[in-house]
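Observations on the model geometry
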Amino acid sequence: MIIDTTEVQTINSFSTSGFFKEVYGLIWIIPILTLILEITIGVLVIVWLEREISAAIQQRIGPEYAGPLGILQAIADGTKLLLKEDLLPSRGDIRLFSVGPSIAVISVLLSYLVIPFGYRLVLADLGIGVFLWIAISSIAPIGLLMSGYGSNNKYSFSGGLRAAAQSISYEIPLTLCVLSISLRLEIGRNDQVVLPYDSDLDSSTVDIVEAQSKYGFWGWNLWRQPIGFLVFLISSLAECERLPFDLPEAEEELVAGYQTEYSGIKYALFYLASYLNLLVSSLFVTVLYLGGWNFSIPYIPIPELFRINQMAGIFGMTIDIFITLAKAYLFLFISITTRWTLPRMRIDQLLNLGWKFLLPISR
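In this text, all values refer to a predicted model and were calculated from it rather than measured experimentally.

1. Quick notes on the environment of Ser167
Tracing the backbone through its elements, the reader meets Ser167 in helix α6 (residues 154-190). The exposure class assigned to Ser167 is buried, which follows from its relative accessible area of 7%. Taking the C-alpha atoms as reference, Ser167 lies 6.8 Å from Pro141; in sequence the two are 26 residues apart. Setting aside residues no more than four positions away along its own chain, Ser167 makes contact with Pro141 and Glu239.

This is the structure in structure tokens:
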């Protein structure tokens, strides 16, 4: 039997290329898993901060027994919900009942793909990054509506309808604020007052951050569009269903809203989606209005001042991540303080604020 060496080399080349493709595919899983781990830790930190800040505002003792300063309390609560019995409504739609919480969580998790934590610390630098976040986040109310309808409970269904109405009411002003930033970025590039019809809006999150870094601290969109910042701030709180906008799960009126029939891990998924949405909103506030990972004095970049440019690699990435998270957690502090300060709004006040006040201002 005679074996052609050319055929053997061809077979080896195909097998080697296939091996490297598999290895390359596995390597791309590492940053995704790292991001999921960081998001999980961030949610645990938010839960701990909310309990500590609320305790300080109400002048009481917060969590202190589960670990030092109660830092393990959130893990203990999550473990308890994971081990609790998962009850299903006997006359409800089990498929909608089970899929609803998953849609709410997955739609928020996908938004983290376009968030830059540094110049090259982003999983997907897309030209439609911000609008992709808005499109993906609009899927979450569908999961809430499915959950309320699948529970076969009039209180749950009413809570799901409220969640959908609230999301639609405040998503339009939020989108207009994002559109104004994209228009300003495109006009600044083309030096035109009116865009041509064939022009494509650039809503890349990395480009938006880089555009704010030209003039240092005073180049942030916070100073260029202060009204847009306030509208975006209020709309993002309403999208996250935080007080005073937590009408979809108002305990006094709807028992527990669309969560009434849920228990165990499905019940925990709703709270996970809420905190994930709060974190992603804080990060987008940082990217759109607070300069992202850049923090510079006008005409005196801080990296050059402290000679950080000479320390390339992991240290520079760490500084970028620290600055981004510090700005995001500043917004989180504002949202947590607002929750424990302002009373809940009525449903008519909530809709009037969105349609009659925020929408005309955002235009």
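After that view of the structure, there is still more to cover.
2. Remarks on the packing of aromatic side chains
A full pass over the atoms with the stated rule returns 11 aromatic pairs. Residues Trp133 and Phe284 carry aromatic rings whose centres are separated by 4.0 Å and whose planes lie at 15° to one another, so their mutual orientation is stacked. Of this pair, Trp133 sits in helix α4 (residues 129-137) while Phe284 sits in helix α11 (residues 264-289), and the two are 151 residues apart along the sequence. Take Trp133 and Phe284: they sit in the same class, and that class is buried. The structure contains a cluster of three or more aromatic residues connected by ring pairs, namely Trp133, Phe229, Phe232, Phe284 and Tyr289.

3. Digging into the UniProt feature "transmembrane region" (unreviewed entry) in the protein
As annotated by UniProt and renumbered to match this structure, "transmembrane region" (unreviewed entry) occupies residues 23-49, 94-115, 121-146, 268-291 and 311-336. Structurally, residues 94-115 comprises 73% helix and 0% strand, and the distance from its first C-alpha atom to its last is 34 Å.

4. Some details on the confidence of the model for the protein
Across the protein, pLDDT averages 79, with 80% of residues at or above 70. Within the protein, the element-level pLDDT minimum falls on helix α12 (residues 302-305), averaging 54, and the maximum on helix α9 (residues 226-239), averaging 90. Note that residues 7-16 has pLDDT below 50 and, in this model, 1 contact with residues that lie over four places away or in other chains. Confidence drops under pLDDT 50 across residues 192-199; counting only partners more than four residues distant or on other chains, this segment forms 9 contacts.

5. A word on the environment of Thr205
Relative to the helices and strands, Thr205 resides in helix α7 (residues 205-212). For Thr205, a relative accessible area of 1% gives the class buried. For the pair Thr205 and Phe131, spaced 74 residues apart in sequence, the C-alpha separation works out to 9.9 Å. With near-sequence residues (within four places) excluded, Thr205 lies in contact with Val114, Pro116, Val130, Phe284 and Val287. Of note is the side chain of Thr205, whose polar atom sits 2.8 Å from the backbone oxygen of Val114.

6. Things to note about the layout of surface pockets
Computed from the structure, the largest pocket encloses a volume of approximately 1100 Å³. Considering the residues around the largest pocket, the lining is formed by 40 residues, among which Val47, Ala268, Tyr271, Leu272 and Tyr275 are closest to the centre. Those elements that provide at least two residues to the lining of the largest pocket are α1 (5-57), α2 (73-83), α3 (94-109) and α11. Along the lines of polarity and charge, the residues of the lining of the largest pocket split into 22 nonpolar, 6 polar and 12 charged.

7. Considering the nonpolar core
Counting 60 residues, the largest nonpolar core has Tyr112, Trp133, Phe232, Phe245 and Leu288 as the members making the most contacts within it. By residue number, the principal contributor to this core is α11, which donates 12 residues. Counting 5 residues, the second-largest nonpolar core is a separate cluster that includes Val122, Val206, Val287 and Trp293.

What counts, and where the lines are drawn
- Residues numbered from 1 in each chain as written.
- Predicted model: local features only at pLDDT ≥ 70, side-chain atom pairs only at ≥ 80, totals over all residues.
- Heavy atoms only, no water.
- Helix = DSSP H or I, 4+ residues; strand = E, 2+ residues; numbered from the N terminus.
- Buried < 20%, exposed > 50% of the residue type's maximum accessible area, 1.4 Å probe, protein only.
- Contact = heavy atoms within 4.5 Å.
- Phe/Tyr/Trp six-rings, centres within 6.5 Å; stacked < 30°, edge-to-face > 60°.
- UniProt positions renumbered as here; feature names shortened; annotations may be inferred.
- pLDDT = per-residue confidence, 0-100.
- Polar contact = N/O pair within 3.5 Å; in protein donor to acceptor, adjacent residues only side chain to side chain.
- 1 Å grid on protein atoms, 1.4 Å probe; cavity = no way out; pocket = protein on both sides within 12 Å on 5 of 7 lines; lining within 4 Å.
- Points joined across faces, edges and corners; volume = space filled by probe spheres on them.
- Nonpolar A, V, L, I, M, F, W, Y, C, P; charged D, E, K, R; others polar.
- Core = buried A, V, L, I, M, F, W, Y, C linked by side-chain atoms within 4.5 Å.

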